[in-house]
Amino acid sequence: MPPEGELRYRSPPPTDSTTTIDDEEGWVWAQIKAEARRDAESEPALASYLYSTILSHSSLERSLSFHLGNKLCSSTLLSTLLYDLFLNTFTSDPGLRVAAVADLRAARARDPACVSFSHCLLNYKGFLACQAHRVAHKLWNQSRRQLALALHSRISDVFAVDIHPAAKIGKGILFDHATGVVIGETAVIGNNVSILHHVTLGGTGKACGDRHPKIGDGVLIGAGATILGNVKIGEGAKIGAGSVVLIDVPPRTTAVGNPARLVGGKEKPAKHEECPGESMDHTSFISDWSDYII
Ligand SMILES: CC(=O)SCCNC(=O)CCNC(=O)[C@H](O)C(C)(C)COP(=O)(O)OP(=O)(O)OC[C@H]1O[C@@H](n2cnc3c(N)ncnc32)[C@H](O)[C@@H]1OP(=O)(O)O
Ligand SMILES: N[C@@H](CO)C(=O)O
């Protein structure tokens, strides 16, 4: 069994133009299985759990569907029904699998507390809520709205993460801790965004229609921050913990306080820290917010 360090820092496959979804997903899945084998050996009390959730499955989407089905089931929404729903959706939409892999990588890269991919897959309720939300979002767009809303309700009950099924969320998302996150119907979140617990992306209560925030690529939103209205948070911006943001925040700018004031400007480099061995793209500007429709 390789030591933990060897698993953690083994080189990922090259991600050039020849890299396929299958290469990337296959590499992460192989890591997850290796981690689960190691953890089952070192902690026999978890061996059966690790076998049923990870080791008995032939792919990431099967493992994830099984785990989500068990987490989100109720006496009337059966785990077998949910398993079939998740698996059919993940299997038919490669974009959802790409996003899940990017989210796993985001947790490893941007959360110093994340010790392995399987740690995130099994235990991060923000990760699980986000994967289930993407399925609810797809159902919403397929006009299966009652099922989308039923799933939304279960996600909120089980994970304490309340994301309206119409909200659009990119990939490489880290919902860290995630407790009490609330995201409104017309919110849009770009790629590589980090959101801490008790964050609200809400309406002001004064507008109808497109009324929720639009969050650019690479944004960090600190714990307890509340962003209200159809405001734009530019790429690479940082929102301080506990802030109440009612205005647009330019790219790579920090906003703090209640009401939030802007500190730092376009020339101030973002300080969104990362762990060694991974990189995050802060380079692209958002030109069209509708890009973030998965
Ligand atoms: C278990 C856990 O750990 S849960 C983790 C919870 N942690 C979080 O949510 C992290 C959120 N991060 C923050 O709030 C950080 O302070 C950041 C992202 C705002 C820092 O961004 P930076 O651009 O590096 O800002 P910097 O640290 O230079 O501070 C700029 C100014 O904002 C102030 N400031 C920073 N954070 C806050 C805040 N949350 N509220 C009010 N003022 C703040 C600083 O005091 C400084 O003020 P000054 O210019 O008068 O000296
Ligand atoms: N997960 C983050 C915030 O709690 C850390 O460990 O620093």
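Residues numbered from 1 in each chain as written. Chains lettered and ligands numbered in written order. Predicted model: local features only at pLDDT ≥ 70, side-chain atom pairs only at ≥ 80, totals over all residues. Heavy atoms only, no water.

**Some points on the UniProt feature "domain: Serine acetyltransferase N-terminal" (unreviewed entry) in the protein**
Here the UniProt feature "domain: Serine acetyltransferase N-terminal" (unreviewed entry) sits at residues 28–132. The span residues 28–132 shows a helical share of 79% and a strand share of 0%, and its end C-alpha atoms are spaced 19 Å apart. (UniProt positions renumbered as here; feature names shortened; annotations may be inferred. Helix = DSSP H or I, 4+ residues; strand = E, 2+ residues; numbered from the N terminus.)

**Remarks on the site of ligand 2**
All residues adjacent to ligand 2 are Asp 111, Pro 112, Ala 113, Asp 176 and His 177. The separation between a nitrogen atom of ligand 2 and a polar side-chain atom of Asp 176 is 2.7 Å. Between His 177 and ligand 2, the recorded distance is 2.6 Å, taken from a side-chain N or O atom to an oxygen atom. Out of a free accessible area of 230 Å², ligand 2 has 57% covered by protein chains. When its residues are assigned to classes, the shell around ligand 2 shows two nonpolar, one polar and two charged. (Near = heavy atom within 4 Å. Polar contact = N/O pair within 3.5 Å; in protein donor to acceptor, adjacent residues only side chain to side chain. Areas by Shrake-Rupley, 256 points an atom, 1.4 Å probe, with all protein chains shown as cover. Nonpolar A, V, L, I, M, F, W, Y, C, P; charged D, E, K, R; others polar.)

**Re the nonpolar core**
Among the nonpolar cores identified, the biggest contains 71 residues, and Leu 151, Phe 175, Ile 221 and Ile 233 are the most heavily contacted of them. Not counting residues within four places of it along the chain, the set of residues in contact with Ile 221 comprises Ser 194, Ile 195, Leu 196, Val 199, Leu 201, Ile 215, Ile 227 and Ile 239. (Core = buried A, V, L, I, M, F, W, Y, C linked by side-chain atoms within 4.5 Å. Buried < 20%, exposed > 50% of the residue type's maximum accessible area, 1.4 Å probe, protein only. Contact = heavy atoms within 4.5 Å.)

**So, the sheet that holds strand β3 (residues 174–175)**
One open sheet accounts for six strands, arranged β3-β6-β9-β12-β14-β15; its pairing is mixed. Where the open sheet ends on each side, the last strands, each with one partner, are β3 and β15 (261–263). Bridge count for strand β14 (residues 254–256) against β15 is three bridges, and the pairing is antiparallel. Counted as the bridge partner of Ala 255 is Leu 262 from β15. (Pairing = 2+ DSSP bridges.)

**Thoughts on the pattern of salt bridges**
What the rule picks out here adds up to ten salt bridges. Across the pair Asp 103 and Arg 134 runs a salt bridge, and its minimum N-O distance is 2.7 Å. With Asp 103 in helix α6 (residues 94–110) and Arg 134 in helix α8 (residues 125–141), this residue pair connects regions lying 31 residues apart in the sequence. Ionic pairing is found between Asp 157 and Arg 154, a salt bridge with its closest N-O pair at 3.5 Å. Taken together, the residues span about one helical turn, with Asp 157 and Arg 154 both in helix α9 (residues 145–159) at a distance of three residues. (Salt bridge = Lys/Arg side-chain N within 4 Å of Asp/Glu carboxyl O.)

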